Amino acid sequence: MESSLNLMAKLVFLLALIYGCYGEPQDLSGKVFVIPMATSTSHVKLHANVSKPISAMTMCQRFNSELERGQSLFSLATQSHNNDLLLYKRSMGVYRVHIKGDQLDFISLPDSKNEWISICWTWDSKTGLTQLWVNGKRSARRILKPDTSVTGKPSIMLVQEQDSYGGGFDISQSFVGDVTDVHFWDNVISSCEIQLYMEFNRFTPGNILNWKALQFTIEGKVFIENSDFKSECYNY
């Protein structure tokens, strides 16, 4: 009898682990991930159903931080490339994008400490054109990794850069602050859609990652709190 109870307890624990990682999507409207301290372990792993190679994409998010040092905003790795898609804030107003190991910097973009920053990143492999939008201001278009695609099962992380597939975190690259409204599309959305996102109006949610239907796993000192972002104070 005791062994049966122990077996049942183990099964319940295993199901809880599975559900915790791959449970029903959650609507995080009006919520933020809060990362209050730099660590080499705390992160948010995002679970996405990516059924085909990524040959174009748009990623948008909002963040608030007091740090001036470099910190990772979005990291997508595969087993063949740890920097398949990486958005890294190098310093105030300077952002570095990585695609399949290659990189380039965007400079002189809007930035402020302790204020909300809305950022979108686009890339189309047909031309290699990539671009950032920050608080409604767009960067110049640059070319990075044309005629390629991201293949393989992705490991997607917020607040940490993956120096290996699913890990290899460095405390000096970790994000500290708040993150909200993360969306990812497997196409380049229109500039009008990006402006709608920037201006807190209604927009078409991401078809790969959707903040209103998000599957995720939290590890370490990451908390879910109510947002003080101004769009939450208005009906839209």
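Below, the structure is looked at part by part. Note that the structure is predicted; figures quoted are calculated from it, not measured.

With respect to the overall build of the protein
So, step 1. Across its full length, the protein carries 2 helices and 15 strands.
So, step 2. Put simply, the protein has 236 residues, and 47% of those count as buried.
So, step 3. A sequence separation of at least 24 residues applies to 68% of the contacts in the protein between residues at least 6 apart.
So, step 4. Total accessible area computed for the protein in this model is approximately 11,700 Å², and 52% of it derives from carbon and sulfur atoms.

Overview of the sheet that holds strand β14 (residues 215-219)
The pairing of strands in a sheet happens through backbone hydrogen bonds and is either parallel or antiparallel.
So, step 1. The sheet built from 7 strands is open, its strands ordered β7-β6-β5-β4-β12-β2-β14 with antiparallel pairing. Since the sheet does not close on itself, it has two edges, and those belong to β7 (102-106) and β14, each with one partner. When the angles between neighbouring strand axes are averaged without regard to direction, this sheet yields 20 degrees.
So, step 2. Of the pairings in the sheet, the one linking strand β2 (residues 43-47) to β14 comprises 5 bridges and is antiparallel in character. What sits directly across from V44, in β14, is I218.

Re the state of the cysteines
So, step 1. This structure, assessed with the given rule, holds 1 disulfide.
So, step 2. A disulfide bridge connects C60 with C120, and the sulfur atoms are separated by 2.0 Å. What sets the handedness of the C60 and C120 disulfide is the S-S torsion sign, and at about 115 degrees it is right-handed. With a gap of 60 residues between them, C60 in strand β3 (residues 56-64) and C120 in strand β8 (residues 117-124) connect regions that are remote in the sequence.
So, step 3. Judged by relative accessible area, C60 falls into the buried class, the value being 0%.
So, step 4. For C120, a relative accessible area of 0% gives the class buried.

Topic: the pairing of strand β5 (residues 85-91)
So, step 1. Taken across its 7 residues, β5 has 5 buried, putting it largely inside the fold.
So, step 2. Direction of pairing for strand β4 (residues 71-77) relative to β5: antiparallel, over a ladder of 5 bridges. The partner of S75 across the bridge, within β5, is L86.
So, step 3. Taken together, the 6 bridges between β5 and strand β6 (residues 94-99) define a ladder with antiparallel strand orientation. When the sheet's bridge partners are listed, K89 is paired in β6 with Y95.
So, step 4. Connecting the antiparallel pair β5 and β6 is a turn made up of 2 residues, with G93 showing a positive phi of about 75 degrees.

Things to note about the nonpolar core
So, step 1. Membership of the largest hydrophobic core comes to 41 residues, with the highest contact counts inside it found for F33, L87 and Y95.
So, step 2. With 4 residues, the top contributor of residues to this core is β8.
So, step 3. W133, I189, I194 and Y197 belong to the second-largest nonpolar core, a separate cluster that totals 9 residues.

Section: the pattern of salt bridges
So, step 1. Applying the stated criterion across every chain, the model contains 7 salt bridges.
So, step 2. Note that D111 and K89 form a salt bridge whose closest N and O atoms lie 2.9 Å from each other. Placement of D111 in the loop between β7 and β8 and of K89 in strand β5 is noted, with a sequence separation of 22 residues between them.
So, step 3. Residue classification places K89 among the buried residues on the basis of a relative accessible area of 2%.
So, step 4. A salt bridge links R96 to D105; the shortest N-O distance between them is 2.7 Å.

Points about the side chain of R96
So, step 1. Tracing the backbone through its elements, the reader meets R96 in strand β6.
So, step 2. Looking at R96, its side chain comes within polar contact range of the side chain of D105, at 2.7 Å.
So, step 3. Those residues within four positions of R96 in sequence are excluded, and the remaining contacts are L86, L87, Y88, R90, Q103, L104 and D105.

Rules used in this analysis
Residues numbered from 1 in each chain as written. Predicted model: local features only at pLDDT ≥ 70, side-chain atom pairs only at ≥ 80, totals over all residues. Heavy atoms only, no water. Helix = DSSP H or I, 4+ residues; strand = E, 2+ residues; numbered from the N terminus. Buried < 20%, exposed > 50% of the residue type's maximum accessible area, 1.4 Å probe, protein only. Contact = heavy atoms within 4.5 Å. Areas by Shrake-Rupley, 256 points an atom, 1.4 Å probe, with all protein chains shown as cover. Pairing = 2+ DSSP bridges. Axes fitted to C-alpha atoms, helices over the stretch in contact; angles between N-to-C directions. Disulfide = S-S within 2.5 Å. Core = buried A, V, L, I, M, F, W, Y, C linked by side-chain atoms within 4.5 Å. Salt bridge = Lys/Arg side-chain N within 4 Å of Asp/Glu carboxyl O. Polar contact = N/O pair within 3.5 Å; in protein donor to acceptor, adjacent residues only side chain to side chain.

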